[in-house]
Amino acid sequence: MTAVEITPTRRKGELLSAIGETLRAERTSRGLTLKQVAQGAHVSVSYLAEIERGEKDPSSRVLESIAAGLGVEISDLLIKIAAALEPAPVVPVTESLAA
């Protein structure tokens with residue numbers, strides 16, 4: 001039996017999803033509302049909500065402002081976004097079917 005490796009492929013919009021999911025996770029873990037973070041970041045609530053849903057592509061300056069609104073360092077936020085983008089480990093099909 002030969003092992004076939006399955007490598008996950010990147011989907012279009014994955015970066016936007018990772019950014020949005022990371023921002024939402026940070027906000028909720030800190031017990032903050034969209035309004036509180038938006039005010040601290042000097043962006044509108046609707047724009048922040050669109051970013052969290054992965055619908056808008058924020059500039060680096062906007063991400064920096066949102067990080068400030070969350071009370072986190074931009075470098076820490078970027079590390080968390082990068083971690084969310086790491087692909088799952090490649091698992092040979094023979095291992096995943098062994099049961």
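Residues numbered from 1 in each chain as written. Predicted model: local features only at pLDDT ≥ 70, side-chain atom pairs only at ≥ 80, totals over all residues. Heavy atoms only, no water.

**Description of the overall build of the chain**
Helix and strand content of the chain: 6 helices and 2 strands. The proportion of buried residues among the 99 residues of the chain is 30%. Looking at the chain alone, contacts between residues at least 24 apart form 69% of all its contacts between residues at least 6 apart. Split by element, the accessible area of the chain, about 6,600 Å² in all, is 55% carbon and sulfur. (Helix = DSSP H or I, 4+ residues; strand = E, 2+ residues; numbered from the N terminus. Buried < 20%, exposed > 50% of the residue type's maximum accessible area, 1.4 Å probe, protein only. Contact = heavy atoms within 4.5 Å. Areas by Shrake-Rupley, 256 points an atom, 1.4 Å probe, with all protein chains shown as cover.)

**Some remarks on the confidence of the model for the chain**
Counting all residues, the mean pLDDT for the chain is 86, and 75% of those residues have values of 70 or more. Averaged pLDDT values over the elements of the chain bottom out at 50 in strand 1 (residues 5-6) and peak at 98 in helix 3 (residues 45-52). In the model, residues 6-10 has pLDDT below 50 throughout and makes 9 contacts with residues more than four positions away in sequence or in other chains. (pLDDT = per-residue confidence, 0-100.)

**Points about unusual backbone geometry**
Backbone geometry follows two general trends: most residues other than glycine have a negative phi, and most peptide bonds adopt the trans configuration. The residue H42 is not glycine, and still its phi comes out positive at about 60 degrees. You can see H42 is positioned in the loop between helix 2 (34-41) and helix 3.

**Side note on the pattern of salt bridges**
Charged atoms that come close allow side chains of opposite charge to pair. Scanning the model with the defined rule gives 5 salt bridges in all. The partner of E26 in a salt bridge is K80, and the shortest N-O contact between them spans 2.6 Å. In this pair, E26 sits in helix 1 (residues 14-29) while K80 sits in helix 5 (residues 74-85), placing the two residues 54 residues apart along the sequence. The exposure class of K80 is partly exposed, given its relative accessible area of 40%. One continuous salt-bridge network, built from bridges that share partners, spans R24, R27 and E52. (Salt bridge = Lys/Arg side-chain N within 4 Å of Asp/Glu carboxyl O.)

**Thoughts on the side chain of E52**
Counting through the fold element by element, E52 comes out in helix 3. The residues touching E52, leaving out its near neighbours within four places in the chain, are G20, E21, L23, R24, R27 and L34.

**Here we look at helix 4 (residues 60-70)**
Here helix 4 has its buried residues at V62, L63, I66, A67, G69 and L70. When helix 4 is viewed along its axis, its buried side chains cluster within an angular range of 160 degrees and face the same direction. Those residues of helix 4 that are exposed and aimed more than 90 degrees away from the buried face are S60, R61 and A68. Just past helix 4, the residue G71 takes up positive phi, approximately 80 degrees. (Arc of directions from axis to C-beta.)

**Things to note about the nonpolar core**
With 18 residues, the main nonpolar core has L23 and I66 as its most contacted residues. For this core, the secondary structure elements donating two or more residues are helix 1, helix 2, helix 3, helix 4 and helix 5. (Core = buried A, V, L, I, M, F, W, Y, C linked by side-chain atoms within 4.5 Å.)

**Topic: the environment of I66**
Tracing the chain through its elements places I66 in helix 4. Taking the C-alpha atoms as reference points, I66 and A38, 28 residues apart in sequence, are found 7.3 Å from one another.

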